[in-house]
Amino acid sequence: MCPLKTTHEASPLNMNISKALHEAKKVLRNRGVRNALESELLLSYVLGVDRVYLHIHAQEELEEFAFERFMHMVRVRAKGRPIEYITNEVSFYGRTFFVDERVLIPRPETEILVGQASKLIQDYGIKNVVEVGIGSGVIAVSLAMANPKISILATDISMDALEVASMNISTFNLQERIELFQTSLLEGVDIKARTLVVSNPPYVPLDYPLDESVRYEPEIALYGGEDGDEILKVLIDEAASKRVKYLACEMGYNHKASLNEHLGVQKYYPNFYTDYAGLDRGFVATRQI
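Rules and cut-offs
Within each chain, residues carry numbers counting from 1 in the order of the written sequence. In view of the model being predicted, local features appear only for residues whose pLDDT reaches at least 70, and side-chain atom pairs are presented and counted only at 80 or more, with totals across whole chains, interfaces and linings using the full set of residues. Here the side-chain values reflect all heavy atoms present in the structure, with hydrogen atoms and water set aside. UniProt positions are given in the numbering used here, feature names are shortened, and annotations may be inferred rather than shown by experiment. In the sections that follow, a salt bridge refers to a side-chain nitrogen of Lys or Arg positioned within 4 Å of a carboxyl oxygen of Asp or Glu. Numbered from the N terminus, helices here are DSSP runs of H or I no shorter than four residues, and strands are runs of E no shorter than two. Partly exposed residues are those whose accessible area sits between 20% and 50% of the maximum for their type, while under 20% is buried and over 50% is exposed, using a 1.4 Å probe and protein chains only. Paired strands are those between which DSSP finds at least two bridges. An axis is simply a line fitted to the C-alpha atoms; with a helix, the fit covers only the stretch in contact. Between two such axes, the angle follows the N-to-C directions and lies from 0 to 180 degrees. Only heavy atoms matter for contacts: two residues are in contact if any of them lie within 4.5 Å across the pair.

- The chain is annotated in an unreviewed UniProt entry as peptide chain release factor N(5)-glutamine methyltransferase of Helicobacter ailurogastricus.
- UniProt, in the comment section headed Catalytic activity (unreviewed entry), describes the chain in these words: "L-glutaminyl-[peptide chain release factor] + S-adenosyl-L-methionine = N(5)-methyl-L-glutaminyl-[peptide chain release factor] + S-adenosyl-L-homocysteine + H(+)".

1. A short note on the pattern of salt bridges
1) Next: Summed over all chains, the structure comprises 11 salt bridges.
2) Next: Residues K26 and E23 are paired through a salt bridge, measuring 3.5 Å at the closest nitrogen-oxygen approach. Of this pair, K26 and E23 are both found in helix α1 (residues 17-30), 3 residues apart, which corresponds to roughly one turn of the helix.
3) Next: Among the residues examined, K26 registers a relative accessible area of 32% and is labelled partly exposed.
4) Next: Linking R107 and E217 is a salt bridge whose minimum nitrogen-to-oxygen distance equals 2.7 Å. Of this pair, R107 sits in the loop between β2 (95-98) and α6 (110-124) while E217 sits in the loop between β7 (204-205) and β8 (223-225); the two residues are 110 residues apart in sequence, bridging distant segments of the chain.
5) Next: Residue classification places R107 among the partly exposed residues on the basis of a relative accessible area of 24%.
6) Next: You can call E217 buried: its relative accessible area is 5%.
7) Next: Salt bridges sharing partners connect three or more residues here, namely K25, E40 and R51.

2. Here's the deal with the sheet that holds strand β9 (residues 246-250)
1) Next: Spatially, 7 strands are ordered β5-β4-β3-β6-β9-β11-β10 in an open sheet, and the strand pairing comes out mixed. Both outer strands of the open sheet, β5 (178-182) and β10 (268-274), are each paired with one neighbouring strand and no more. Strand-to-strand twist of the sheet, defined as the mean angle between neighbouring strand axes without regard to direction, takes the value 20°.
2) Next: Direction of pairing for strand β6 (residues 195-199) relative to β9: parallel, over a ladder of 4 bridges. Across the sheet, residue V197 finds its bridge partner in β9, namely L247.
3) Next: Across the sheet, helix α8 (residues 159-171) touches β4 (151-156) and β5, and the angle it forms with β5 is around 170°.
4) Next: Across the sheet, helix α10 (residues 256-265) lies against β9, β10 and β11 (280-287), angled at about 160° from β10, the strand it touches most.

Right under this line is the structure:
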């Protein structure tokens, strides 16, 4: 149930879209949220319209219930809760996915990982893919949609994450092509010939200062160890022991040197890529078996 409006908010009587957005932006600014688009995203969600509609129909009056629900969401966002957890929606690779506090919120740079993995799939005719740490399922779903001939086995140590992934897999009718398996990394995974392992594992160092909003996300999906690259190194070792030929992984911006060395020890030959900010963000690697 939405709480009663506070005294500093405008009355919902004669409240139109433009005034509602103005009220919301004031609340968010007072709590340090400077992204003006967030109020528009929340009102779009409440009304079931896109942002363009808000601008074209700026003088359209809002029903009291809609205004109260909108301002409730705004107050929740002002307290630091990520907008994706308020709307339970995130846009990734041109599609809308369900997310909640059980999974990490997908970042735009992870779309680059999907592109890198798809290129490997297409260049080498890969049919079998393993995703380690499926989380919300956005990578597996995006890869399956872009590459209709592949099948994917996706693992996660978190049953909560697997439940969210299952919801998104069902939304896109991919149950026959994406199989879920609860395990740690590649433990118990049957690796088939010409398999690609793709992963966006936890890689944040334990002492890294995180923004307040990130603290709403599950720690198990964030922290990769003291230096942040420990889980990735274990994954590389497991992949090598199972004779996985292809890897595509996201990593921390400061992990290139250590992972380049570790990949070399396991006879993987990596190509590193950067994110939209020009920071080192991941690698694709081929192993000489």
